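Coordinate inspection notes
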Amino acid sequence: MIDNLSRRTFLEGTAAVAVGGAAVASALAADEVMAWAAGEGDAAAASGTVRQAPSLCNGCSSKCGLVGTTVDGKLWTVEGAKDHPYSKGTICGRGHGVVQMAYNDERLTQPLKRAEDGTFAPISWDDACREIAEKVNAIIAESGPEALCLIHDPRPSGKYYGPRFLNALGSANVYTHGAACNASKESGITYAVGASNFSVDFGKAKMVMFIGRSYGDAIRPSSVQSLASAADAAKRIVVVDPRLSNSAIFATDWVPIKPGTDIALLMAMANVLIEEDLYDHDFVENYSIGFPEFAAQAVACTPEWAEEICEVPADTIRELAQAMAKAAPAAAVEPSWRAAFGCSYANSFDTARAVCAVNALLGSWGQEGGALLTSSPKAGDIDKTRFPSVPKPQAKRVGDAEYPLVLSGMGSNLAALQAALDGTMRGFFFYNSNAAQGYANPKVWREGLGKADLVVTIDVQMSETAVLSHYVLPECTYIERMELPEFIGGKKHYVGLRTPIIDRVHPDTRSCDEIFTQLAQACGVGEYFDFTLEELAAAQLESVGTTLEEVRTAGTVELADPGFAYGVPKFKTESGKFEFSNAKVGEAGLNPVIGYVPRLVEAQGDELYLIAGKQGIHSHTMTQNIASMNAISREYDLERLWMAAADAEARGIADGDLVEMTSSEATGQVRVRVTERMRPGVVFMPSHYGGTSPYQTRACGFGLNTMDFVPFRMEPGVGSAMSQEVAVTVRKVEA
């Protein structure tokens, strides 16, 4: 329980990170733009031409609203947009720091082509697109369009133009980053409730349980505000996590669980709710199917049984279940994200379903203070003669047969990698994706992409994936471009728009829509791109009752009221009810009934479980080469491996020592942070470090990359990375 650690002690322990975040927040642009650092800021702003423009952040997938201010055309400040539901007037440290990418001295400035010796030389856009098209058409002629794929981290324009380009070529092989992020979680939730995610009604909740997720380390400002408000209202907030994260300052309870065993805790809580008759009979009897089968499985999942697996005391499990029942229906288990079961273990899909099952037993679905299924807006019908539909590819997406439970909007990018290893996936396009560094074991990505005939990366910087590419196409940064509308759901509906804040710093960079349009024209499918981005954006916005001019001016516009109302939702499952059991899950070879599945890897001997997660100032591998953000990491030793004090003492390790970490896949050295904020038997590594691209000199060789240590595997049913199914040994490096 967190009571054993005072809030003062916790704050002292996080002081460095807090100061680091503040430092990022003050570093708003490159040196040439930060005149105020020399005491000239006010005078420069007073004498220069000041302009403001709305946009959307690109620091993570949240895409919070922001407003950028320029002085004489150079970025001066950024602040959170007050009308955007995610930012609410605030942006995080990453949001402040990532804008500096525009002025980064090591960003991509022109197209590059890799020579046989691995070096890169400039190439014109016309020549690059012509050569890429020749290789694309040769692959199609020899192996069909199904030998081509796109892997991307979707952004407003990218999620339209990238898939449209691949589909126009005849390929269905479009994959998001999901298999290395949240595919297991969202797929599991979908097969229980018919929607890929849900939210917790924090404002009216009495008790909320978090599993592995830390708003304080990496999430949108509005969520942090909701969590802080809940803490201020003395609501019970339970954090289930092997690490005492930066969210725990808001918590009443810390439950330091063994990694990958959250499903045992959840099933034991379900056992208590059922066996002690604390569950919502009305919901179960009238709004669910499969409960008898679920209850039959839960009988054996007693708190005492779970204690042996997850190493949380049975009494703690029992008390948590009873307290949740007492608070119900204004109580819920939060849906989490990547770190706990987004893509982490062999049981991540089933853990997500178990979260949903506990919320079902509490009767919290759709209730005030409970788990909410809200709607999302999307563009309506637009003129098909002006914006023609692309013919549906004939061949199915690679991986869907082997991993039928993965959501259609994601797919398993690791299945595409496996196809490259097998020699059947011959051409790769990467957009806004550093798959080779962060999606699975990098040596496997290097092997797979080394076998491909064509690898094209579209990015702002020379990532590890770009280094493995035949062609690298430079995109302008997000503050230099306009993108398609971004639709935002919830109790209310909104639309936001990314507009240029500054002119393009490097004239030979291009926006996503321009790049894919030129590639399509070169490949002979330009007829599907015969319109401008502004024309498409205007049509999409008109279809939802607003205009391009209105949204471009405001940045964020509230759309028509979706009519949200509390009450048991209409579940979008085949049965129309909550599904404790799902036949399609059974057809995929998994247990159709929500139940316990063990983690795959168990630590042996002196091994420790390795877990990973984000820090509040970084976004995966994307931000580490930004000068100020890298400087903060170095100043505060943020790359260090976290180790429990008891584990360190047993190994003769002191805080700051150089240690060597080894798994079946890799060995590496890094400094250690000895702390009471880790449960014994577990080490934590931030997931931003260990860069290998020689073109990113600040990030290269700094710290270790977690994925180097994780074996290449895919979770059954969904094809996710199982990114934390690993155990390591750690020893002190003697001087």
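The following refers to the structure shown. (Residues numbered from 1 in each chain as written. Predicted model: local features only at pLDDT ≥ 70, side-chain atom pairs only at ≥ 80, totals over all residues. Heavy atoms only, no water.)

When you go through the protein chain residue by residue, the secondary structure sums to 25 helices and 27 strands. Overall size of the protein chain, expressed as C-alpha extent along the three principal axes, is 70 × 60 × 55 Å. Counting all 735 residues of the protein chain, 62% fall into the buried class. Residue pairs at least 24 apart in sequence account for 75% of intrachain contacts in the protein chain once pairs closer than 6 positions are excluded. Accessible surface for the protein chain amounts to roughly 26500 Å². Of this, 50% is attributable to carbon and sulfur atoms. Distance between charge centres in the protein chain, computed from 63 positive and 89 negative side chains, equals 1 Å. (Helix = DSSP H or I, 4+ residues; strand = E, 2+ residues; numbered from the N terminus. Buried < 20%, exposed > 50% of the residue type's maximum accessible area, 1.4 Å probe, protein only. Contact = heavy atoms within 4.5 Å. Areas by Shrake-Rupley, 256 points an atom, 1.4 Å probe, with all protein chains shown as cover. Lys, Arg positive; Asp, Glu negative; His and termini not counted. Charge placed at Lys NZ, Arg CZ, Asp CG, Glu CD.)

A few words now on the environment of Glu 558. Considering the arrangement of structural elements, one finds Glu 558 in strand 20 (residues 556-558). Of the residues examined, Glu 558 reaches a relative accessible area of 46% and is grouped as partly exposed. When the C-alpha positions of Glu 558 and Phe 529 are compared, they lie 29 Å apart, and in sequence the two are 29 residues distant. If near-sequence neighbours (up to four positions away) are discounted, Glu 558 is found in contact with Lys 492, His 493 and Tyr 494.

Within the open sheet, the four strands sit side by side as 11-10-9-13. Their pairing is parallel. Two strands close off the open sheet at either side, each with one partner strand: strand 11 (253-255) and strand 13 (331-333). Averaged over all neighbouring strand pairs, the angle between strand axes comes to 10°, with direction disregarded. Two strands pair when backbone bridges link them, and strand 10 (residues 236-240) and strand 11 are joined in this way by three bridges, in the parallel orientation. Counterpart to Val 239 in the pairing with strand 11 is Trp 254. Here helix 9 (residues 262-275) sits on the sheet and contacts strand 9 (207-211), strand 10 and strand 13; the angle it forms with strand 9, its principal contact strand, is near 150°. (Pairing = 2+ DSSP bridges. Axes fitted to C-alpha atoms, helices over the stretch in contact; angles between N-to-C directions.)

Counting 77 residues, the largest nonpolar core has Phe 294, Leu 361, Trp 365 and Phe 578 as the members making the most contacts within it. Counting residues per element, this core draws most heavily on helix 9, which supplies eleven residues. Beyond its immediate stretch of four places on either side in the chain, Phe 294 contacts Met 267, Ala 270, Ile 274, Ala 357, Leu 361, Phe 580, Val 593 and Ile 594. Within the second largest apolar cluster, 53 residues are counted, among which are Ala 147, Leu 484, Cys 523 and Tyr 528. (Core = buried A, V, L, I, M, F, W, Y, C linked by side-chain atoms within 4.5 Å.)

Turning our eyes to something else, we now look at the packing of aromatic side chains. Per the stated rule, a full pass over the model turns up 28 aromatic pairs. Between Phe 120 and Tyr 695 the ring centres are 6.1 Å apart and the planes differ by 85°, which places this aromatic pair in the edge-to-face class. You can see Phe 120 sitting in strand 5 (residues 120-122) and its partner Tyr 695 sitting in the loop between strand 26 (682-686) and strand 27 (727-732), a full 575 residues away along the chain. Given the relative accessible area of 35%, Tyr 695 is considered partly exposed. Look at Phe 428 and Phe 430: their rings are 5.8 Å apart centre to centre, the planes differ by 10°, and that puts the pair in the stacked class. (Phe/Tyr/Trp six-rings, centres within 6.5 Å; stacked < 30°, edge-to-face > 60°.)

Contact pair helix 16 (residues 413-422) / helix 18 (residues 442-451): the axes reach a minimum separation of 8 Å and the direction vectors enclose 60°. With respect to their mutual orientation, helix 16 and helix 18 come out oblique. Helix-helix and strand crossings are classified by hand; for helix 16 and helix 18 the assignment is left-handed. Residue-level contacts link Asn 413, Leu 414, Leu 417, Ala 420 and Leu 421 of helix 16 to Val 444, Trp 445, Glu 447, Gly 448 and Lys 451 of helix 18. (Parallel < 35°, antiparallel > 145°, perpendicular 65-115°, else oblique. Left-handed = near helix turned anticlockwise from the far one by under 90°.)

Let us now look at unusual backbone geometry. In most cases, non-glycine residues show a negative phi, while peptide bonds are predominantly trans. Of the consecutive residues Ala 328 and Pro 329, the connecting peptide bond is found in the cis state with omega at 5°. Position of Pro 329 among the secondary structure elements: in the loop between helix 13 (314-327) and strand 13. Positioned with a positive phi, Asp 72 is a non-glycine residue whose angle comes to about 55°. Within the element layout of this structure, Asp 72 appears in the loop between strand 2 (65-71) and strand 3 (74-80). Taking the relative accessible area as the measure of exposure, Asp 72 reaches 54% and is therefore exposed.

Turning our eyes to something else, we now look at the pattern of salt bridges. Inspection of the entire model under this criterion finds 39 salt bridges. Put simply, Arg 481 and Glu 483 hold a salt bridge, and the shortest N to O gap is 2.7 Å. One exposure class covers both Arg 481 and Glu 483, and it is buried. In this structure, Asp 647 and Arg 651 form a salt bridge, with 3.9 Å as the shortest nitrogen-oxygen distance. Residue classification places Asp 647 among the buried positions, given a relative accessible area of 10%. When salt bridges that share partners are traced, they join Glu 276, Glu 304, Asp 315 and Arg 318 into one network. (Salt bridge = Lys/Arg side-chain N within 4 Å of Asp/Glu carboxyl O.)

Right, let's get into helix 8 (residues 221-232). The end-to-end C-alpha separation of helix 8 is 16 Å, in line with the 16 Å expected for twelve residues at 1.5 Å each. For helix 8, the complete set of buried residues consists of Pro 221, Ser 222, Ser 223, Leu 227 and Ala 230. Close packing links the buried residues of helix 8 with strand 9 and strand 10. Where helix 8 terminates, the next one or two residues include Ala 234, which has phi positive at roughly 60°. (Expected span 1.5 Å × (residues − 1).)

Read around the barrel, six strands follow the order 22-26-23-25-24-27 and close on themselves; strand pairing throughout is mixed. The average undirected angle you get between the axes of adjacent strands in this sheet is 45°. Of the strand pairs in this sheet, strand 24 (residues 658-662) and strand 25 (residues 667-675) are connected by five bridges, and their pairing is antiparallel. Directly across from Glu 660, in strand 25, lies its bridge partner Gln 669.

A word on the pairing of strand 2. Here strand 2 lies mainly inside the structure; six of its seven residues are buried. Bridge analysis of strand 1 (residues 50-56) against strand 2 gives seven bridges, and the strand direction is antiparallel. Within strand 2, the position partnered with Leu 56 by the bridge is Gly 65. In this sheet, strand 3 lies alongside strand 2 in antiparallel orientation, the contact comprising six bridges. What sits directly across from Leu 66, in strand 3, is Gly 80. The hairpin turn running from strand 2 into strand 3, its antiparallel successor, is two residues long, and Asp 72 in that turn takes a positive phi close to 55°.

Summarising the element assignment, Asp 241 is placed in the loop between strand 10 and strand 11. As a buried residue without a salt bridge, Asp 241 has its nearest oppositely charged side chain in Arg 243, at a separation of 5.3 Å. A polar contact is formed between the side chain of Asp 241 and the backbone nitrogen of Arg 243, at a distance of 2.9 Å. Every residue in contact with Asp 241, bar those within four places of it in the chain, is listed here: Gly 212, Trp 254, Val 255, Pro 256 and Ile 257. (Polar contact = N/O pair within 3.5 Å; in protein donor to acceptor, adjacent residues only side chain to side chain.)

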